[in-house]
Amino acid sequence: ARASIGVTGLAVMGRNLARNLARHGHTVALHNRTEQRTRDLVEQFGSEGDFVPTYSAEEFVRALERPRKLVIMVKAGAPTDAVIDEFAPLLEPGDIVIDAGNAHFADTRRREAALRERGLHFVGTGVSGGEEGALHGPSIMPGGSAESYESLGPLLEDISAKVDGAPCCTHVGPDGAGHFVKMVHNGIEYSDMQLIAESFDLLRGALGLEPAQIAETFRTWNTGRLDSYLIEITAEVLAHTDPHTGKPFVDIVADEAEQKGTGRWTVQNGLELGVPITGIAEATFARSLSGHAGLRQAARGLAGPDRGSAARQGVPESFADDVEQALYASKVVAYAQGFHQIQAGSAEFGWNIDLASVAAIWRGGCIIRATFLDDIRAAYRAEPTLPTLLTSGGFRKAVEDAQDAWRSVVATAVRLGIPTPGFSTALAYYDGLRADRLPASLIQGQRDYFGAHTYRRVDREGSFHTTWATDPRVEHEA
Ligand code: 6PG
């Protein structure tokens, strides 16, 4: 045995993780169900480092130094279970099985518990950054036991992205904590992408700008507080011209957004935990709406407001700047909601997740990496139990300063009939949170009326029911 770690599942993510490990001087055992992939890797990239190709589960396990560290990089769901079932019987107590795919955290909890019974460590880890990240330095979010992190952590930190010399990898928390945090990362990713897409749609629909001009606007924004990977690649996509037609690339791509399911998981979990992640939900539903081609075709003729030059004259001069402010404020809301969800998940499952560390490891390597995350890190470092990012010093001021522009952008969108579910729901969340009173009192009255569901009063302790049908003057303590 001479490999310090092994990777099984050598499709592009697994292959790039293996290469990243080897490039950092670690000896990496390789295994794949179809042998050719293993041979191809060694043939093409063998010179990058020390690889140990293996062609059976037994050979793979024998190649690993103890405690064995075995990274599984296969499709989430049944294929992951199949690989675990294949390898677990060959391992010995103390060995560490790492699932680096996008697994659902509930599956990770189940697998961790099952392997723990056999004395094995199971580490479900989030890995973000796509193919390039896997090769050059991803953001890594490992869960599992603290003990497993002692020997595994240094390897993962070594291959992760670095920001100011600090690795974008930390032990997030036990069992499914890592995959939970990766799930919320993806939810925020959906929200961020939707908000950026709405900004593009607004600049085009209200100002009549061309994609290439909007690319320039994004490039400018990317030099300020919105500086982020997603804004950067957005500018590149918008500036791209389709080589076949000479048209803007965004105009020749079918406008039906797809998804692999992590956004949906985030929303489902938000509902289960009762956390209002409205931005992530709207972003997920916006993708789903876009994909209903038949429905959209049927509705295409429905009347909307005039968007002609007269209507556009009402668009404020400052509109592009207003959109930047609305985007920033809505983005703060998206992250505030995502961190609320992590806080709630951590409490629910007893994970003790340090929010500042999560923000810190998202500063580099991952898809949502952004300058802004350093401010989130600082906010949670200063106040680990901060109820919401919206009330922390710098964010509070930025959002309050942006609110007029934010309202103006949403009003313009409504007036011109440009759909902005992301901006609108973020603003409604902000107004909902800061409201003195919400009409939830009326909802309680309605519930009590038709279902005797009772209500609490602002002036007295206890639960009450009004006898609406017989005599509304009578109120009983329930
Ligand atoms: C990442 C990405 C990655 C993947 C998503 C895309 O962090 O590297 O989030 O995990 O690209 O699964 O998700 P959708 O297909 O659902 O958009």
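Everything quoted here is computed from the prediction, not taken from an experiment.

Moving on, we get to the pairing of strand β5 (residues 96-99). Residues Ile-96 and Ile-98 point to one face of β5 and Val-97 and Asp-99 to the other, with burial holding for every one of them. The handedness of the strand β4 (residues 69-72) to β5 crossover, carried by helix α4 (residues 78-87), is right-handed. As defined by bridge partners, β5 adjoins strand β6 (residues 121-128) across four bridges and the pair is classed as parallel. Paired with Asp-99 across the bridge in β6 is Gly-124. Handedness of the crossover joining β5 and β6 through helix α5 (residues 105-117): right-handed.

This part takes up the site of the ligand. In the neighbourhood of the ligand, 14 residues make up the surrounding shell, with Ser-128, Glu-189, Tyr-190, Lys-260 and Arg-287 lying closest. For the ligand, an oxygen atom lies 2.4 Å from a polar atom in the side chain of Ser-128. The separation between an oxygen atom of the ligand and a polar main-chain atom of Gly-129 is 2.9 Å. When isolated, the ligand has an accessible area of 420 Å², and the protein chains bury 81% of it. Here the shell around the ligand is composed, by residue class, of two nonpolar, eight polar and four charged.

On to the UniProt feature "active site" (unreviewed entry) in the chain. Following the UniProt record, one finds the feature "active site" (unreviewed entry) at Lys-182 and Glu-189. Note that Lys-182 resides in helix α8 (residues 177-207). Owing to a relative accessible area of 5%, Lys-182 belongs among the buried residues under this scheme. Those residues in contact with Lys-182 that sit more than four places away from it in its chain are Asn-102, Gly-126, Val-127, Ser-128 and Met-141. Residues in contact with Glu-189, not counting those within four places in the same chain, are Leu-230, Ile-367 and Ile-368.

Okay, unusual backbone geometry next. The step from Arg-66 to Pro-67 runs through a cis peptide bond, and the omega angle for that step is -10°. Positive phi values are uncommon outside glycine, yet Ala-452 reaches one of about 50°. By the element assignment, Ala-452 lies in the loop between α21 (440-451) and β10 (455-456). Although it is not a glycine, Thr-454 sits at a positive phi angle of roughly 70°. Inspection of the secondary structure assignment puts Thr-454 in the loop between α21 and β10.

The rules behind the values
Residues numbered from 1 in each chain as written. Predicted model: local features only at pLDDT ≥ 70, side-chain atom pairs only at ≥ 80, totals over all residues. Heavy atoms only, no water. Buried < 20%, exposed > 50% of the residue type's maximum accessible area, 1.4 Å probe, protein only. Helix = DSSP H or I, 4+ residues; strand = E, 2+ residues; numbered from the N terminus. Right-handed = clockwise from strand over helix to strand, strands pointing away. Pairing = 2+ DSSP bridges. Near = heavy atom within 4 Å. Polar contact = N/O pair within 3.5 Å; in protein donor to acceptor, adjacent residues only side chain to side chain. Areas by Shrake-Rupley, 256 points an atom, 1.4 Å probe, with all protein chains shown as cover. Nonpolar A, V, L, I, M, F, W, Y, C, P; charged D, E, K, R; others polar. UniProt positions renumbered as here; feature names shortened; annotations may be inferred. Contact = heavy atoms within 4.5 Å.

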